[in-house]
Each structure stands twice: as structure tokens, then as C-alpha cells.
Amino acid sequence: MSVREDLRDALADERRVPRPPEPAAMVIFGASGDLTARKLVPALYDLAAARRLPMGFAVVGVSRTKMSHEQFRERLRGSLERHRPQNFSEEVWESFSRSLFYLPGDSRLPETYEELRDFLKRLDAERGTGGNRIFYLASSPSLFAPTVGRLGEAGLSREEDGSYVRLVVEKPFGRDLESARRLNADLLRHFREDQIYRIDHYLGKETVQNILALRFANGIFEPVWNQHYVDHVQITVAEDIGIEGRGAFYEEAGALRDIVQNHMMQLLCLTAMEPPVAFDAEPVRDEKVKVLSAVRPLPEERVEEVAVRGQYGRGWIWGEEVAGYREEEGVSPDSTTETYAALKLYIDNWRWAGVPFYVRTGKRLPKKVTEIAIRFKPTPHTPFARAAGAEPNVLVIRIQPEEGISLKIGAKIPGAGFEVGSVNMDLLYGTAFLEEVPEAYQRLLLDLMLGDATLFIRADEAEAAWSILDPVLRAWSEARDVPAYPAGSWGPEEAEELLRRDGRRWRRP
């Protein structure tokens, strides 16, 4: 690569990240868990490899497991080498691992925080972390409130001498509206809202952010992005895997809490929101809250008319027979937890009046796919006698896998006569930009260190999402029957009926 190309790339990078993060110490509670080893530390390692971390930086892992600093580093190194051997560099690790530290302690006990406070002061002096603190709650949700309370009591939430203190909260943000309000009240007792970063890793995905670029950087879509031209919208988050040994967790969560309340509500917001005045935290989050506030309330006494749940039974995935949900380890044999959920939502505002948004998610479906499909209304009249094979236009935004955009259009079929059929125009991001797409956590952790909360969730946003789903949760908690669907199918028959009643059908991605 020439010097000029080097300089051009450096300038391009400079435009994307206008300033380096300030020095900081990141404290991860629940550091012996899976999230730290598989997501957080690999993302920080990638930032170190890309020279995005500040010179004065340290990670302090906290959990009850007894470990030395060196054992903690070896454990994380092993995880990195196992999960991504092609990206592991001895040179990068040697430098990065010197910033990793571990403090064994119970996050419910005050003495843990006394020790932590002293250790952080030592890091300020030895590693130049500048008094800036990031406290990351990667522990069990039941420990969120006690941990935040202890941080406040120890004075660790206070910002002193121009330093910052930030708190990161992993989903779930409560189990329902009431618990979400309680959690927010607990957090706000010790931290200001602008110090709190509620993280949903879906918002860190490049293709999710590209929904905004597609809508607001292209003038051709805005005139047709409304009830005059859109017939309906389908949002699908399908997984071919089961619960992967997380029976105890999934029995408490279910598809509605695990996927719909967070990931799908975010996709709904980005699809339906009005243009923000700027791509900054408050304007973007204000517009998302407006969408959630405009969702028509779901009547608890008629939930079955707008919501369907299901539970996978024994079936076949990719040629292999798999167990049913109730046969999974840690799952009750008479469990009523849903592994599939589908909803019909309406957004009662000027733009979307009368346009149904169908959302569905499920485990053990035929394939892993996340997409948003906007189906447009058919043309009012066709002059072509042989256009029976042409379908209305559909714009599909593929989030994963094969990230990209596909637009179904009508085209003349080659040959004599004038027969019209449907074809797809496809854009694959991987081939369009020829750049490695950063992991979602990599983007979000960098934004966090830069103090940019645009891709994080505000308190009122989390509560607004719960307020939509609370009637469904209450209705389903009282119903004892859960429709079954065989693993490897697209869900229960009741979900097909949900659209059939409207004269529509689900896409087959």
C-alpha cells in the first residue's frame, strides 16, 4: 500500500471516529461468566488490535470465583483462541493482557467495594486511567439493584475532578412493566440517566444501523414510506437452534421477554420512526419513544386475536432429529413457556394508520434469519395481459445472515410477447464495501467510552416497550395451553391463521 493510500485510510478512519476515547477503567461485574469471555473481552481485544483503546486503559473483572490476575488472563486467552483462532495475535495479546485485572469478591458485600475503590485508585496512578470509571453489569439481573446500591453507598457513582462515571446495564431491563420501573428507580437512585447505558447488542449491528442510513440517506424511499404505499410490514427473527442448555433461563424468559421486548421492538422503532433532527442520542431516542407510544394497546381480553404463541416439539433440523422443548434439560415436562411468538401491531399515527406490523420470532425454525420485509401495495392497474406472475414490490432488509437489501420488482420475461414476472435486485454489504464488519459489542463499547448514547436505550424507551407487551404477558400467564409446532417448521398453524384472516401470509425467507 502506498503512503498516499495509508494517509487516505487514516483520514477515512479519522472521520468515522473523530476523537479517541479518554483513559478509563472498566469494571465488569460477573466477569467469570460467558458474556465476558465470549463477547466483551473479544470486543475489547479487537479495539486494542485496531488501536482504538486509550493508552490509559484497564479492565477489572469482579466475581465470586477465586482467581488471580494471571488465571483470569489465561482463562480469557483460552476463550479467544478457542472461538476465533484466525484472529488471534500473540503480539496484540501480549500488550492487551497487561491491562486485564481480576478482583474476587461478592458484589452484595460492602467490603468488595472498599477493595475495588482502593484498587481503582492504584490503577489511576499506575496505568493512567484518569479517574474515569465504567461499571458494566454482566451479572445475573437479580444482582443489578444490589450492585448499583453498593456502588452508590461506596461513593463510586460520584464524578470528581472532571472525571466521568458510567453504568452499563445488560438486558433484560426487568421482567415486565412494573419490574422495569422498579429497576429504573433503583438505578436512578445512585446514577443520573445520562450516566446509564442500557445495552441491546442488536443496535450495534451494522445492518441494524443501516436501516437508518437506508431510510434517511436516500430520498427515494421517504415518499413511499407510509400508509399510502405500504400494505404491511413483516419483521422476522428466526433461529434454527434450541435453547442450547439454558433451560433454567429460558423457562423464566420465553420468546416474548427474550427477543420481542428488546430486539424486535428496536427493529420496529427503526422501521417506523420519523427522521430525527440529528443522529444524536436524544433526537434518535425521542423518535423511538414516539413510535412505541403510538402502538395501539393490545386488549388483554382479546389477546388471542392479535398474538400467537407456540412451543416446539420433536422434529428435524438440517437432517438431524432434535428433541422437543419439554425434553430439554432444565425444562419442566409440562412447561407452558413459549418458544415462538407472533404479534400483529398497529401504529396509530399519521404515517402508519391502518398498516399492520406483523412480528414473529421462534426457536427451532427451519433457518436462522433476521429480516424486515416492507410489502408495498399493488399497482392500481396493469396494462399487461400476462402479468399474473408479478407480485407487489417487497423491500427486504436482511439483518443476518447475508446482510444486505433485496427489492422485488416486476420485469418483462425475455422472449416473444409481453409476460411480466417478479425478480429480485440484491445488494450484499459484504461485496459492496469489501470491509470486515465490526462485531456489535465492538461498536457499542467504543461508543460507550466516547460517551455517545445514541445506540443505547433510555429508561422511558424500555418502559414503553414493556407497556405494549404487558397485556400479552398477563394473558399468557393464565392460559395453560400452548400450541405445539414441530421443530423445523415455521411455527404453529395459529400463526398462519393470524395473517390468513387478513388475506395475507408469512414470507418464507
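Labelled according to an unreviewed UniProt entry, the chain appears under the name Glucose-6-phosphate 1-dehydrogenase, originating from Rubrobacter xylanophilus. Heading Function (unreviewed entry) of the UniProt record for the chain holds this comment: "Catalyzes the oxidation of glucose 6-phosphate to 6-phosphogluconolactone." According to the UniProt record, the Sequence similarities (unreviewed entry) comment for the chain reads "Belongs to the glucose-6-phosphate dehydrogenase family."

Asks: Looking at this model, I keep getting lost on the pairing of strand β17 (residues 419-428). Mind explaining?
Replies: Note on strand geometry: in a regular strand, side chains alternate between the two faces of the sheet. Both strand β16 (residues 404-412) and β17 contribute to a ladder of nine bridges, which runs antiparallel. By the bridge assignment for β17, L407 is matched with M425. Where β16 folds back onto β17 in an antiparallel hairpin, the turn is made up of six residues, including G415, whose phi is positive at roughly 130 degrees.

Asks: It is not clear to me how the nonpolar core should be interpreted in this structure. Could you clarify?
Replies: Nonpolar side chains tend to gather and get buried jointly when the protein is soluble and globular. Of all hydrophobic cores here, the largest spans 150 residues; its most connected members are L44, L116, F135 and L167. In terms of residue count, helix α9 (residues 247-272) provides more of this core than any other element does, twelve residues in total. Three or more residues apiece are contributed to this core by two domains, here domain 1 (21-170) and domain 2 (203-439 + 459-501). Beyond its immediate chain neighbours, meaning those up to four positions away, F135 contacts V27, F29, L116, L120, L151, L156, V165, R166, L167 and V168.

Asks: Please clarify how the UniProt feature "binding site: NADP(+)" (unreviewed entry) in the chain should be interpreted in this entry.
Replies: Mapped onto this numbering, the UniProt entry annotates "binding site: NADP(+)" (unreviewed entry) at R64 and K171. Assignment of secondary structure puts R64 in the loop between β2 (57-63) and α3 (69-83). Counting through the fold element by element, K171 comes out in the loop between β5 (165-170) and α7 (177-188). A residue is classified by how much of its surface remains accessible, and K171, at 21% relative accessible area, is partly exposed.

Asks: Would you take a moment to explain the packing of aromatic side chains for this structure?
Replies: In this description, an aromatic ring pair is defined by two values, namely the gap between the centres and the angle between the planes. One pass over the full model with this rule turns up 16 aromatic pairs. Between the aromatic rings of Y340 and Y485, the centroid separation amounts to 5.7 Å while the plane-to-plane angle is 65 degrees, which identifies the pairing as edge-to-face. Taken together, the positions of Y340 in strand β11 (residues 340-346) and Y485 in strand β18 (residues 484-486) put the pair 145 residues apart, joining distant regions of the chain. What links up through ring pairs into an aromatic cluster is the set Y250, Y312, Y325, Y340 and Y485. The lysine or arginine in question, R73, covers the ring of F101, its NZ or CZ lying 5.3 Å from the ring centre. Sitting above the plane of the Y202 ring, K205 keeps its charged end 5.5 Å from the centroid.

Asks: For this particular structure, what's the right way to read the UniProt feature "active site" (unreviewed entry) in the chain?
Replies: Here the UniProt feature "active site" (unreviewed entry) sits at H263. Looking at where H263 falls in the secondary structure, it is placed in helix α9. The contacts of H263, once residues within four sequence positions are left out, are K171, D200, H201, Y202 and D258.

Asks: Mind showing me how you'd approach the sheet that holds β5 here?
Replies: Through backbone hydrogen bonds, the strands of a sheet pair up, either in parallel or in antiparallel fashion. Pairing in this open sheet of six strands is parallel, and the strands run β3-β2-β1-β4-β5-β6 from one edge to the other. In this open sheet, the two strands that pair with only one neighbour each are β3 (100-104) and β6 (196-199). Shown here is a sheet whose adjacent strand axes are inclined to one another by a mean of 20 degrees, direction ignored. Across five bridges, the pairing between strand β1 (residues 24-29) and strand β4 (residues 133-137) is parallel. Note that in β4 the partner of A25 across the bridge is R133. In the packing of helix α2 (residues 34-49) onto the sheet, the strands contacted are β1, β2, β4 and β5, and the crossing angle to β1 comes to about 165 degrees. Packing against the sheet, α3 makes contact with β2 and β3, and its axis sits at approximately 120 degrees to β3.

Asks: Please clarify how unusual backbone geometry should be interpreted in this entry.
Replies: Negative phi values dominate among residues other than glycine, just as trans dominates among peptide bonds. A cis amide bond links K171 to the next residue, P172, at an omega of 10 degrees. The residue after Q400, namely P401, is reached through a cis peptide bond having omega -20 degrees. Locating P401 in the fold gives a position in the loop between β15 (394-400) and β16. A positive phi angle is found at R51, which is not glycine, with a value near 60 degrees. By secondary structure assignment, the location of R51 is in the loop between α2 and β2. Taking relative accessible area as the criterion, R51 reaches 75% and is therefore assigned exposed. Here the phi dihedral of E402 falls at roughly 50 degrees; this positive angle occurs in a residue that is not glycine. Summarising the element assignment, E402 is placed in the loop between β15 and β16.

Definitions and cut-offs
- Residues numbered from 1 in each chain as written.
- Predicted model: local features only at pLDDT ≥ 70, side-chain atom pairs only at ≥ 80, totals over all residues.
- Heavy atoms only, no water.
- UniProt positions renumbered as here; feature names shortened; annotations may be inferred.
- Pairing = 2+ DSSP bridges.
- Helix = DSSP H or I, 4+ residues; strand = E, 2+ residues; numbered from the N terminus.
- Core = buried A, V, L, I, M, F, W, Y, C linked by side-chain atoms within 4.5 Å.
- Buried < 20%, exposed > 50% of the residue type's maximum accessible area, 1.4 Å probe, protein only.
- Domains from an automatic or database assignment.
- Contact = heavy atoms within 4.5 Å.
- Phe/Tyr/Trp six-rings, centres within 6.5 Å; stacked < 30°, edge-to-face > 60°.
- Lys NZ or Arg CZ within 6 Å of the ring centre and 35° of its normal.
- Axes fitted to C-alpha atoms, helices over the stretch in contact; angles between N-to-C directions.

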